[in-house]
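Structural description and commentary
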Amino acid sequence: MRLGSGTFAACCVVVEVLGVVLFLRGFFPAPVRSSSSSKHQAEPPAPEPSAGASSNWTKLPPPLFSKVVIVLIDALRDDFVFGSKGVKFMPYTTYLVEKGASHSFVAEAKPPTVTMPRIKALMTGSVPGFIDVVMNLNSPALLEDNVITQAKAAGKRIISYGDETWVKLFPKHFVEYDGTTSFFVSDYTEVDENVTRHLDKVLKRGDWDVLILHYLGLDHIGHVSGPSSPLIGRKLSEMDGVLMKIHTALLSEERETLLPSLLVLCGDHGMSETGGHGASSTEEVSTPLLLVSSAFERKPETWLCVLWSLSALSADVFFVHPVNPVWPARGSRFRSCWLGDIRYPKHVQQTDLAATLAIGLGLPIPKNSVGHLLFPAIEGKPMREQLRFLHLNTVQLTKLLQENVPSFEKEPGFEQFKISERLHGNWIRLYLEENNSEVLFNLGTKVRRQYLDALKTLSLSLSRQVAQYDVYSMVVGTVVVLEVLTLLLLSIPQALSSKAELEVPLLSPVFSLLFYLTFLVLSAVHVIVCTSTESSCYLCSLSWLTAGGVMVLVSALLCAVVSALTKVLVRGKLLSKNAAHSNSRWSELDLLILLGTLGHVLSLGASSFIEEEHQTWYFLVSTLCLALCHDIYRNYLPGDDCEPQRCLHVEGGFDGATPALQDKNTSSAVLELNRGCKSPSSLGTLRGYEKWMVLASPWVILTCCRLLRSLNQTGVQWAHRPDLGHWLTRGILEARFVYVFVLGILFTGTKDLLKSQVVAAGFTVKTVGLWELYSGFVLLAALLLRPHNLPVLVLSLLIQTLMAKFVWKPLRHDVAEVTVMHYWFGQAFFYFQGNSNNIATVDISAGFVGLDTYVEIPAIFLTAFATYTGPVLWASHLVSFLSSEASSSSALSHAGFCYALIGSFPVSAYIILVTSLRYHLFIWSVFSPKLLYEGMHLLITAAVCVFFTAMDQTNTKS
């Protein structure tokens, strides 16, 4: 079956997208889970260990707190509470940290540091999968065992105000709730006032047990203005007032109850230096965790330590504390001694909160929790209760270890647990025999220390086992991607021939013996894997019909690759016989494109090059500008030899393909556009300003690229450096007017494109329609980009104009080179915008320009378009440019094929790299986010190729 190059490329990229999706489904695995995780039936707690004496403690201990209030401040960094900002703007919280009955921690959040997976980690104690960063846009109901479900089952009355993610994760769990959307980042006032307005009423009532308050204003300020905004201090002061109101209300109510209350202050994630979050920088993963209760003992005040610290201070600055004038607000050595490192709290894991809350509420610890109990919360209890709590936590972790680690008996944590349990039984026997003795206290202290060591070891071991790769799905997805890439590479000679067509073997592979043998082998492998594997595989969960379709696709692609390889080998023999007729050679620009592409792919194997990938693209486009400058000056100064060179010509059109190989029987020539000229080129035929513009264009473009590099600091190493501020805001009404204008332009362009398909002489109409679509995208980009990024858009248009008029047309670059240049500049402008391979650089505020409420579909589309403005604009410019300048009907087909090849190559190579590095230290913090970005780039490539195919069909009909 004969297909056009563009159509063939579009089909290949679509199939490749399916392979990448299958690979991602296997690569982003499900975390460790209990075999009964979906069943919330109550299980009897593990009885207290005994050795020679029977213990009657077989039930869960009673709750430690009568009420629990969880105040979750979105994007609250640890230094906002424990640093200088906390001292200045949160005086009451600082007082609680330094002198109150509280325990302070820095809770480390695992990537992805976005809201939904962080809430899951806080309430389940498990580490959510990385793919939850996508699910964050529309959170499904949480079926995993968690503290909220356990509390509801125990009859606890739960109230939630704030982020509606809680309502989505826990539907029908709250007796009262008021959800606010977390994505409308332009609002940082009402979104918190809607939470606080309920406080006075609910704090006076006694008909609740758990109160959850999720404030979003701080996160929204960070997204819009960054952590250095003056709005941050005002918001922290507002949150400090909320905490004071809650704490004083709880203290007044405790006088009428037997049990104390617990106030929990925490953050779901932190905030990067640019205001975003999602990745694994220290600012994004470090969150404060403050437990406040009258049950906790107050910190001792050691004046000897104060005197020593005062004598040791030399350059520290003091100023009056806003709450207690006696306390200095600065002086790290003073505070570390005075407070026992309270000012710089101990680091714990965010997952530790679930076990602590469960124990505090008298509930079973969630089955999938990998965290351990925060011991300071129970250190004031009698020794027997302490050991009971630690034993329950250790038993829960041991069960989870047994269900997820085959050789669990060899794990150090399991051995420590057995020793701890045996010592615990001896302590119980001694406790029942004689209640008070020094031996009993010393043994209890030893058992407690042994339990704490076992908990740390078990938690660490389970965290390492947190992900189980679906290797089967990864292998099948990788095979599909590699087969498509191989087919594209083998099809280059035919696809880039003058006819821009190739013979695709569709029927012959299906009816060949190789196809049936491959299909039978793959089916047998599928049966063996699905019946013998211990872990769940995604392909095994599919129906046999769907899985069979995947096997058919893999078999058909393999046969197509073999057929294409055979034709290439046969054609290679013919070319060797006619080698004397070949006069083509690689130009310096072709070598640069090839080496640059290979070098970029190889660089993706290092985490540092992924974090700073923008430097690679900056280097490539700068080198490309220098190569173009060399090309222009070489043509300006004719060589001494008689070899034909390119003709510098401005007035002529962008001609079609002329094979460099003159043998008509050979169609494997690289596409060239009028490179052969009868005489050496000179600038004498050019008009004055055109001559100088041709000579100056590469230098102007190089200067623009250098300016753009300084516009936005991105990556990791230099992201903290200042750049241009956000100095302009837009109103909703104005933005909606622009939307109407953009839709009108896009509608007009689409109408002209459709009209060109039915009108015989529709070339002009089609060209106008394409430029209208391109203009609509430019106008939309101007609306969505941050104000300081408008120079990026302006310089992008300038570079496109200079390249089109004074580089590509005069030098008559072929379609393949023009396509690769568009792709390179599109990638470079992706980073010129300030993007990186860090999820935190995604500007979600662009999705709410012109919206006064959160609407999911428009917000997702606008955010994606704003993020990938560079690649989209350069791809749309490529279509418009080729449609208006190319005189060959095969130009769009060639461009579509080249774009598919250049877009597929890095994705295929990166999948192999990620598979080999899946146990790398930075696999989740560096390599995985880049994999998501590569998948999105492939989707854009597929859309561009489909559009090329549609335009090519329009040309054919015309």
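Residues numbered from 1 in each chain as written. Predicted model: local features only at pLDDT ≥ 70, side-chain atom pairs only at ≥ 80, totals over all residues. Heavy atoms only, no water.

**Brief notes about helix H36 (residues 891–916)**
Our working definition: Numbered from the N terminus, helices here are DSSP runs of H or I no shorter than four residues, and strands are runs of E no shorter than two. Take the residue count of a helix, subtract one, and multiply by 1.5 Å to get its expected span. Relative accessibility under 20% of the residue-type maximum defines a buried residue, over 50% an exposed one, and the middle range a partly exposed one, all with a 1.4 Å probe and only protein chains included.
In a regular helix each residue adds 1.5 Å, so 26 residues correspond to 38 Å; H36 covers 38 Å between its end C-alpha atoms and thus fits that length. Judged by how many residues are buried, H36 sits mostly within the fold: 21 of 26 residues are covered.

**Some details on the packing of helix H4 (residues 91–98) against helix H12 (residues 230–254)**
What counts here: Between N-to-C directions, angles span 0 to 180 degrees; the directions come from axes that are lines fitted to C-alpha atoms, helices contributing only their stretch in contact. For this classification, under 35 degrees means roughly parallel, over 145 means roughly antiparallel, 65 to 115 means roughly perpendicular, and everything else is oblique. In what follows, a contact means two residues having at least one pair of non-hydrogen atoms within 4.5 Å. Classification used: nonpolar for Ala, Val, Leu, Ile, Met, Phe, Trp, Tyr, Cys and Pro, charged for Asp, Glu, Lys and Arg, polar for all others including Gly.
Relative to each other, H4 and H12 sit at 55°, their axes nearing to 7 Å. The angle between H4 and H12 falls in the class oblique. Taking contact as the criterion, the partners of Pro91, Tyr92, Thr93 and Leu96 in H4 are, on H12, Asp240, Leu243, Met244, His247 and Thr248. Per-class residue counts for the contact of H4 with H12 are 5 nonpolar, 3 polar and 1 charged.

**Overview of the state of the cysteines**
Between two cysteines, a covalent bond joining their sulfur atoms is known as a disulfide. Using the following cut-off: When the sulfur atoms of two cysteines come within 2.5 Å, that pair is taken as a disulfide.
Enumeration over the complete set of coordinates arrives at 1 disulfide. Across a sulfur-sulfur distance of 2.1 Å, Cys530 and Cys540 are joined as a disulfide pair. On the sign convention where negative means left-handed, the S-S torsion of about -85° between Cys530 and Cys540 marks this disulfide as left-handed. Note that Cys530 is positioned in helix H23 (residues 513–532) and Cys540 in helix H24 (residues 538–541), a separation of 10 residues in sequence. Not part of a disulfide, Cys625 finds its nearest cysteine sulfur in Cys705, a span of 4.8 Å. The exposure class of Cys625 is buried, given its relative accessible area of 2%. The exposure class assigned to Cys705 is buried, which follows from its relative accessible area of 2%.

**Observations concerning the pattern of salt bridges**
Counted only if it meets this: Any Lys or Arg side-chain nitrogen located within 4 Å of an Asp or Glu carboxyl oxygen qualifies as a salt bridge.
As enumerated under the stated definition, the model contains 17 salt bridges in all. Put simply, Arg384 and Glu48 hold a salt bridge, and the shortest N to O gap is 2.8 Å. In this pair, Arg384 sits in helix H17 (residues 383–404) while Glu48 sits in the loop between helix H1 (5–27) and strand E2 (68–73), placing the two residues 336 residues apart along the sequence. Neither residue differs from the other here; Arg384 and Glu48 are each classed as buried. Among the ionic pairs, Arg205 bridges to Glu176, the shortest N-O distance being 3.1 Å. Taken as a pair, Arg205 in the loop between helix H10 (199–204) and strand E6 (210–215) and Glu176 in strand E5 (residues 176–180) lie far apart in primary sequence, 29 residues in all.

**Observations concerning the sheet that holds E5**
Quick note on the threshold: When DSSP finds two or more bridges between two strands, those strands count as paired.
Strand order in this open sheet of 8 strands is E5-E4-E6-E2-E7-E8-E3-E9, and the pairing throughout is mixed. The strands lining the two open edges of the sheet, one partner per strand, are E5 and strand E9 (346–349). Within the sheet, the average angular offset between the axes of one strand and its neighbour, ignoring direction, is 20°. The pairing of strand E4 (residues 158–163) with E6 spans 5 bridges and is parallel. Along E6, the bridge assignment pairs Ile159 with Leu211.

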